[in-house]
Amino acid sequence: MEYPLLTAALVCVSLLAAAFALLLVRQRRVTVNTGRRGEQLLAELRAREEEGRHLLHRRLPAIVEAQTNQAVTVPGPLRAFNGEDPHRELLVAISELTGQTRRDAAESAAATLRAMMRTVQNLAGEQQVLISAMEEHHDDPDVLDGLLGLDHANSQLGRRAQATAVLCGSWPGLQRSAATLTDVVRGATGRIRDYVRVQIPAPSDTAVVSQAVEPVVLAVAELLDNGARHSQPGSPVHVSFQQAHNGLAIVIDDAGVGMTVEAVQRAGWLLEGHGGQDIAALGVPPRIGFAVIGVLSRRYGFRVSVDMRSPFGGVRAVLFLPSELLTRAAVPAPQEVPSLAAPASPAAITPSPTPHLRVPAPEPQPAEPAEELGTTAHGLPRRRRRAPVAGAATTTLSVPVQPPAAPEPAESPVNHSPVATATAWQRGTRQGRASSTDDERDFQ
């Protein structure tokens, strides 16, 4: 009896030991698998946290900046889960939301600035009228010098307000007739601070059509101002015209500090017309020069480019006008000016053995009272004029003279300064008006 019981007990103990061993092995395997799974989950959690930081500090700022600068590249995810970007839908939603918000803010800011600049333009126009009236009224050199300075400063103020209004979606606001390229450059030069440094080219008979005159003047003024501001105070800003087979280019060279490759790329992006969507993206304070030129060039059909190939070591800016924006300027008829020269019109020349000299009449003297000579058949008094009227100064006499052997330079202490010229012009205008008034009174 004892032997079978012992055998049964040993069998039971063996079975229990085997079952316990199996349980230990299974528990060991479960523990190992659980540890591995925990490590995987921990690594995935760390990867997601790192992806979140990458999204917050790199991808989102890049998306916001890419809306104003197309050169910015938005980085992708650090790790693709199941072959897809885990934040793709989130980034698309944020991009659309921020884009719409930025567009709304830009439109609101542009509308506000446009209304403000319209008021400033109106005030500048009224001020210009007052200054012009004072320039016609005063002929004192000191007073006229100050008025000319105010006129120049007011022109610069009007240009800045006009440029800001154009950037905000407004139109230039001025309508002109066709003007030659030389007049366009002169008009642009008068709107910048350092106008004396601009070297204007020789007169050209090529003109800009009327609808593009003011936009081209404003664009050239911005380019000239940019070249003058970023170069030495004493260095010139050279302007030239370059003919092409399908248009004409206005080339502006300065001797400034130049531009970096990044600055040239950004300038090209702005000159293509991409800078008018958001004024806040132009810096603080905003640099609106290239952006305004880009808006005008896209609207009116001309092209502007800048590079670092100026022969003076600075920047070369080229404004290209296609043939559609060009025309021929009408040559004005020559006006007859009293001078020691031949007659103004060839048709007025008559054959003569000796040339004729047009001599101005003597200076007018104060008229004496006319002498009474009775009356006519109709009862009107007869009078004899004893002195020439003031308006007779424009009468010329044809006197035959012998041509001089050689012209001699005349020495004349004439002051050719702008103030003296303007003063003389004002005085001459007043004398002409007074003469016209005296003639009207004599014929009444």
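Residues numbered from 1 in each chain as written. Predicted model: local features only at pLDDT ≥ 70, side-chain atom pairs only at ≥ 80, totals over all residues. Heavy atoms only, no water.

**Focus: the overall build of the protein chain**
For step 1, the next point in the chain: The number of helices and strands found in the protein chain is 8 helices and 12 strands.
For step 2, the next point in the chain: For the protein chain, buried positions account for 29% of its 444 residues.
For step 3, the next point in the chain: Within the protein chain, residue pairs in contact and separated by at least 24 positions form 68% of the contacts whose partners lie at least 6 positions apart.
For step 4, the next point in the chain: Approximately 29200 Å² of the protein chain is accessible, and the part contributed by carbon and sulfur atoms is 58%. (Helix = DSSP H or I, 4+ residues; strand = E, 2+ residues; numbered from the N terminus. Buried < 20%, exposed > 50% of the residue type's maximum accessible area, 1.4 Å probe, protein only. Contact = heavy atoms within 4.5 Å. Areas by Shrake-Rupley, 256 points an atom, 1.4 Å probe, with all protein chains shown as cover.)

**Let's talk about the sheet that holds strand S1 (residues 179–180)**
For step 1, the next point in the chain: Reading across the sheet, the 3 strands line up as S1-S3-S8 and stay open at both edges, with antiparallel pairing between neighbours. A single partner strand is all that each edge strand has here, and the edge strands are S1 and strand S8 (326–328).
For step 2, the next point in the chain: Sheet topology note: the S1/strand S3 (residues 206–208) ladder contains 2 bridges and is antiparallel. When the bridges of S3 are listed, Thr180 appears paired with Ala207. (Pairing = 2+ DSSP bridges.)

**Structural notes on the sheet that holds strand S6 (residues 303–307)**
For step 1, the next point in the chain: One open sheet accounts for 5 strands, arranged S2-S4-S5-S7-S6; its pairing is mixed. A strand with exactly one partner marks an edge of an open sheet, and here the two such strands are strand S2 (198–199) and S6.
For step 2, the next point in the chain: Sheet topology note: the S6/strand S7 (residues 316–322) ladder contains 5 bridges and is antiparallel. Paired with Asp307 across the bridge in S7 is Arg316.

**Details of the pattern of salt bridges**
For step 1, the next point in the chain: All chains considered together, the criterion is met by 12 salt bridges.
For step 2, the next point in the chain: Two residues, Arg48 and Glu44, come together in a salt bridge whose shortest N-O distance is 3.4 Å. Of the two residues, Arg48 and Glu44 are both situated in helix H1 (residues 2–66); the distance of 4 residues between them amounts to about one turn of the helix.
For step 3, the next point in the chain: Here Asp183 and Arg186 are joined by a salt bridge, their closest N and O atoms 3.9 Å apart. Of this pair, Asp183 and Arg186 both sit in helix H4 (residues 181–189), 3 residues apart, which is roughly one turn of the helix.
For step 4, the next point in the chain: A relative accessible area of 41% means that Asp183 is categorised as partly exposed.
For step 5, the next point in the chain: A single network of salt bridges, built from pairs that share partners, joins Arg159, Arg160, Glu222, Asp225 and Arg229. (Salt bridge = Lys/Arg side-chain N within 4 Å of Asp/Glu carboxyl O.)

**Quick notes on the environment of Leu296**
For step 1, the next point in the chain: Topologically, Leu296 is positioned in helix H7 (residues 289–300).
For step 2, the next point in the chain: For Leu296, a relative accessible area of 0% gives the class buried.
For step 3, the next point in the chain: It is 9.8 Å that separates the C-alpha atoms of Leu296 and Glu272, two residues lying 24 residues apart in sequence.
For step 4, the next point in the chain: With residues up to four places along the chain from it excluded, the contact list for Leu296 reads Val166, Pro172, Pro215, Leu218, Ala219, Gly301 and Phe302.

**Things to note about the packing of helix H5 (residues 210–229) against H7**
For step 1, the next point in the chain: Interaxial distance between H5 and H7 falls to 10 Å at its minimum, and their mutual angle equals 155°. One way to sum up the angle between H5 and H7 is to call them roughly antiparallel. The two elements H5 and H7 cross, and the hand of that crossing is left-handed. Here H5 contributes Gln211, Pro215, Leu218, Ala219, Glu222, Leu223 and Asn226 to the contact with H7, which in turn contributes Gly289, Phe290, Val292, Ile293, Leu296 and Tyr300. (Axes fitted to C-alpha atoms, helices over the stretch in contact; angles between N-to-C directions. Parallel < 35°, antiparallel > 145°, perpendicular 65-115°, else oblique. Left-handed = near helix turned anticlockwise from the far one by under 90°.)

**Details of the packing of H4 against H5**
For step 1, the next point in the chain: Axis separation between H4 and H5 bottoms out at 8 Å; the angle between their running directions is 55°. For the element pair H4 / H5, the angle class is oblique. Where H4 crosses over H5, the handedness of that crossing is right-handed. From H4, Val184, Gly187, Ala188 and Thr189 reach across to H5, where they touch Val216, Val217, Val220, Ala221 and Leu224.
For step 2, the next point in the chain: Class assignment of the residues belonging to the contact of H4 with H5 gives a composition of 7 nonpolar, 2 polar and no charged. (Nonpolar A, V, L, I, M, F, W, Y, C, P; charged D, E, K, R; others polar.)

**Topic: the nonpolar core**
For step 1, the next point in the chain: Ranked by size, the top nonpolar core spans 55 residues in total, and within it Val216, Leu224, Ile252, Phe290, Phe302, Leu319 and Leu321 carry the most contacts.
For step 2, the next point in the chain: Per-element tally for this core: the top contributor is H5, with 11 residues.
For step 3, the next point in the chain: Those residues in contact with Phe290 that sit more than four places away from it in its chain are Leu223, Asn226, Met259, Ala267, Leu270, Leu271 and Val306. (Core = buried A, V, L, I, M, F, W, Y, C linked by side-chain atoms within 4.5 Å.)

**Some details on helix H6 (residues 261–274)**
For step 1, the next point in the chain: Compared with the 20 Å implied by 1.5 Å per residue over 14 residues, the 18 Å span of H6 between its first and last C-alpha is a close match.
For step 2, the next point in the chain: Looking only at H6, the buried set comprises Val264, Ala267, Trp269, Leu270, Leu271 and Gly273. (Expected span 1.5 Å × (residues − 1).)

**Concerning H5**
Every α-helix winds through 3.6 residues per turn, so residues three or four apart in the chain are directed the same way.
For step 1, the next point in the chain: Taking 1.5 Å as the rise per residue, H5 with 20 residues should run 28 Å; its terminal C-alpha atoms sit 29 Å apart, in good agreement.
For step 2, the next point in the chain: Across the 20 residues that make up H5, a large majority, 16, are buried.

**Looking at the pairing of strand S5 (residues 247–253)**
For step 1, the next point in the chain: Of all 7 residues in S5, 7 are buried; the element is thus mostly enclosed.
For step 2, the next point in the chain: Counted along the chain from strand S4 (residues 237–244) to the antiparallel partner S5, the turn is 2 residues long.
For step 3, the next point in the chain: One ladder, built from 7 bridges, connects S5 with S7; its direction is antiparallel. Residue pairing across strands places Asp253 opposite Arg316, the latter belonging to S7.

**With respect to the packing of aromatic side chains**
For step 1, the next point in the chain: Applying the stated rule across the entire model yields 1 aromatic pair.
For step 2, the next point in the chain: Look at Trp171 and Tyr300: their rings are 6.4 Å apart centre to centre, the planes differ by 85°, and that puts the pair in the edge-to-face class. Taken as a pair, Trp171 in the loop between helix H3 (141–167) and S1 and Tyr300 in helix H7 lie far apart in primary sequence, 129 residues in all.
For step 3, the next point in the chain: By relative accessible area, which is 55% here, Trp171 ends up exposed.
For step 4, the next point in the chain: Looking at Tyr300, the relative accessible area reads 19%, which means it is buried. (Phe/Tyr/Trp six-rings, centres within 6.5 Å; stacked < 30°, edge-to-face > 60°.)

**Description of the environment of Ser305**
For step 1, the next point in the chain: Checked against the element boundaries, Ser305 lands in strand S6.
For step 2, the next point in the chain: Take Ser305: its relative accessible area is 37%, and that puts it in the partly exposed class.
For step 3, the next point in the chain: Sequence separation of Ser305 and Trp269 is 36 residues, and the distance between their C-alpha atoms is 9.9 Å.
For step 4, the next point in the chain: Each residue touching Ser305, except ones within four places of it in the same chain, is listed here: Leu271, Arg316, Ala317 and Val318.

What is shown is where atoms sit, not what they do.
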